[in-house]
Amino acid sequence: MPPSTILGYAARAVGQPLEPFTYEPPQLGEHDVRVSVTHCGVCHTDIHAIDDYYGITTYPFVPGHEIVGYVSAVGREASGLKEGARVGIGWQGRSCMRCEWCLKGEEQLCMDIVQSGTWVPYGGFSSSVIVDSRFAYPLPEAMPSQVAAVLMCAGVTVYSPLRSYAAHPSPKIGIVGVGGLGHLAIQFARVLGYEVTAISSSPEKKEEALAFGADHFIVSDDRTGMRQVLFGFDLLLCTVSGRIDWELLVNTLKKNGRLVLLGFPDVVLNSTDLVAHQLSITGSFIGNRARMREMLSFAQAHGITPAVELMPMSRVNEALQRVRENKARYRIVLVNDTVGVGI
């Protein structure tokens, strides 16, 4: 294989298993860096994209957006990064830098967001990626690469709304789901001063949720337990996309409370409750560049770490299946075993 060839793992069609896929390296733009991938996390968003859940996937499709690696080439206008630097890369690999949102510093809301994903043209389940250098983040020296990989997406996804909505001392929060996002949300919320209640459909996760820092644990199917926290939370953070009793859940919010959606659940709500209780429903999408840098420093300073299973990248389909079946505890990170392949 020529040294310039990149090896990745691609879905050739909707919902198909990933296959080895080789391609020539994309051209390096003025602001770009090329990064040799050492680690890449597996996110449920990768599965959504493989399945074309969003209606935007083009094939062959190489997923992967929780990336850690080393800079191997630097564009002419790229600043602040040198070859050999260890960096993390999240879902967003670029932005237009011109629209009203980019100019406000809210690059995650870029009007050209579909083309801004790190997996355009090809993602991190590969030996190398190209991104805008302004979206490649130097990592704390002591932070393990598998930890940083997960924080690049899951970490900033939960940290951003927690930081934004901590409106008063000791707010009470219900975190719905103790999984890949939820177990990190519990850790961040605890350090940020929330009184944390973990809400899960899996009773067996109670001890782990408490170990992550939850003050309380409720089984979501236990209607008696849920009624005990009616009007109890300032904030609900929903990290799941499965079956949810929305009426029961929303009634655990205090008046003027807020429900924040991090996933893509089907939401069916009684508008009477929203109006009469003056509730808000908010989506939250990753975070801007400033929030990403802040999150990495915060996580390192407070010892916030995801629970990680390591697997070689060549076993990517096995890893994806474990995530599909909700068997990961709690995130899977692929270690690149294509050493010496690609650039």
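Please refer to the structure higher up on the page.
This structure is a prediction, so every number in the text was calculated from the model and none was measured.

On to empty space enclosed by the protein. Scanning the entire structure with this criterion turns up two cavities of 30 Å³ or more. Quantified by volume, the largest cavity comes out at close to 90 Å³. Taken together, 14 residues form the lining of the largest cavity, with Gln92, Tyr137, Ile286, Gly287 and Met292 sitting closest to its centre. Secondary-structure elements contributing two or more residues to the lining of the largest cavity are α3 (145-164) and α9 (289-302).

Time to look at the layout of surface pockets. Its boundaries defined by the atoms lining it, the second largest pocket holds a volume of some 200 Å³. Forming the boundary of the second largest pocket are 15 residues, of which Glu106, Gln108, Ser160, Ser164 and Ser284 lie nearest the centre. Of all the elements in the fold, those that place two or more residues in the lining of the second largest pocket are α3 and β13 (280-283). Grouping the amino acids of the lining of the second largest pocket by side-chain chemistry returns five nonpolar, eight polar and two charged.

Sheet architecture is open: six strands sit in the order β10-β9-β8-β11-β12-β13, paired in parallel fashion. The outermost strands of the open sheet, each flanked by one partner alone, are β10 (216-219) and β13. Across the sheet, the mean angle separating the axes of adjacent strands is 20° when strand polarity is ignored. Along the sheet, helix α4 (residues 182-191) contacts β8 (172-176), β9 (195-200) and β11 (233-238); its crossing angle with β8, the most-contacted strand, is approximately 165°.

Once that is clear, we can look at the environment of Asp52. Mapping Asp52 onto the fold places it in the loop between α1 (44-50) and β4 (66-74). Each C-alpha atom, one on Asp52 and one on Val268, is 23 Å from the other, the two residues being 216 residues apart in sequence. At 3.0 Å, the side chain of Asp52 forms a polar contact with the backbone nitrogen of Ile56.

With that out of the way, let us pick up the packing of α3 against α4. Running from N to C, α3 and α4 point in directions that differ by 50°, and their axes come no closer than 9 Å. Our classification of the angle between α3 and α4 gives oblique. Every pair of crossing elements has a handedness; the one defined by α3 and α4 is right-handed. Facing Val150, Leu151, Ala154, Gly155, Val158, Tyr159 and Leu162 of α3, the residues of α4 in contact are Leu184, Ala185, Phe188 and Ala189. Considering only residue class, the contact of α3 with α4 consists of ten nonpolar, one polar and no charged.

Applying the stated criterion across every chain, the model contains 13 aromatic pairs. The interplanar angle of 70° and the centroid separation of 5.4 Å between the aromatic rings of Tyr54 and Phe264 together place this pair among those described as edge-to-face. On the criterion of sequence distance, the pair formed by Tyr54 in the loop between α1 and β4 and Phe264 in the loop between β12 (253-261) and α8 (271-276) is long-range, its members being 210 residues apart. A relative accessible area of 27% means that Tyr54 is categorised as partly exposed.

With that settled, consider unusual backbone geometry. The residue after Tyr59, namely Pro60, is reached through a cis peptide bond having omega 0°. Position of Pro60 among the secondary structure elements: in the loop between α1 and β4. Residue Pro121 is bonded to the preceding Val120 through a cis peptide linkage, with omega at 0°. Within the secondary structure layout, Pro121 lies in the loop between α2 (100-103) and β6 (128-132). Its identity as a non-glycine residue notwithstanding, Ile286 has a phi of 35°, on the positive side.

Pairing of strand β1 (residues 6-11) with strand β2 (residues 18-23), which is carried by six bridges, proceeds in the antiparallel orientation. Bridge pairing in β2 places Gly8 opposite Phe21. From the end of β1 to the start of β2, which pair antiparallel, there are six residues, and Gly15 there has a positive phi angle of about 70°.

Moving on: the environment of Pro26. Along the polypeptide, Pro26 turns up in the loop between β2 and β3 (32-42). Given a relative accessible area of 24%, Pro26 falls into the partly exposed group. Note: C-alpha distance between Pro26 and Ala11 (15 residues apart in sequence) is 19 Å. With residues up to four places along the chain from it excluded, the contact list for Pro26 reads Ile6, Arg34, Pro121 and Ile130.

What counts, and where the lines are drawn
- Residues numbered from 1 in each chain as written.
- Predicted model: local features only at pLDDT ≥ 70, side-chain atom pairs only at ≥ 80, totals over all residues.
- Heavy atoms only, no water.
- 1 Å grid on protein atoms, 1.4 Å probe; cavity = no way out; pocket = protein on both sides within 12 Å on 5 of 7 lines; lining within 4 Å.
- Points joined across faces, edges and corners; volume = space filled by probe spheres on them.
- Helix = DSSP H or I, 4+ residues; strand = E, 2+ residues; numbered from the N terminus.
- Nonpolar A, V, L, I, M, F, W, Y, C, P; charged D, E, K, R; others polar.
- Pairing = 2+ DSSP bridges.
- Axes fitted to C-alpha atoms, helices over the stretch in contact; angles between N-to-C directions.
- Contact = heavy atoms within 4.5 Å.
- Polar contact = N/O pair within 3.5 Å; in protein donor to acceptor, adjacent residues only side chain to side chain.
- Parallel < 35°, antiparallel > 145°, perpendicular 65-115°, else oblique.
- Left-handed = near helix turned anticlockwise from the far one by under 90°.
- Phe/Tyr/Trp six-rings, centres within 6.5 Å; stacked < 30°, edge-to-face > 60°.
- Buried < 20%, exposed > 50% of the residue type's maximum accessible area, 1.4 Å probe, protein only.

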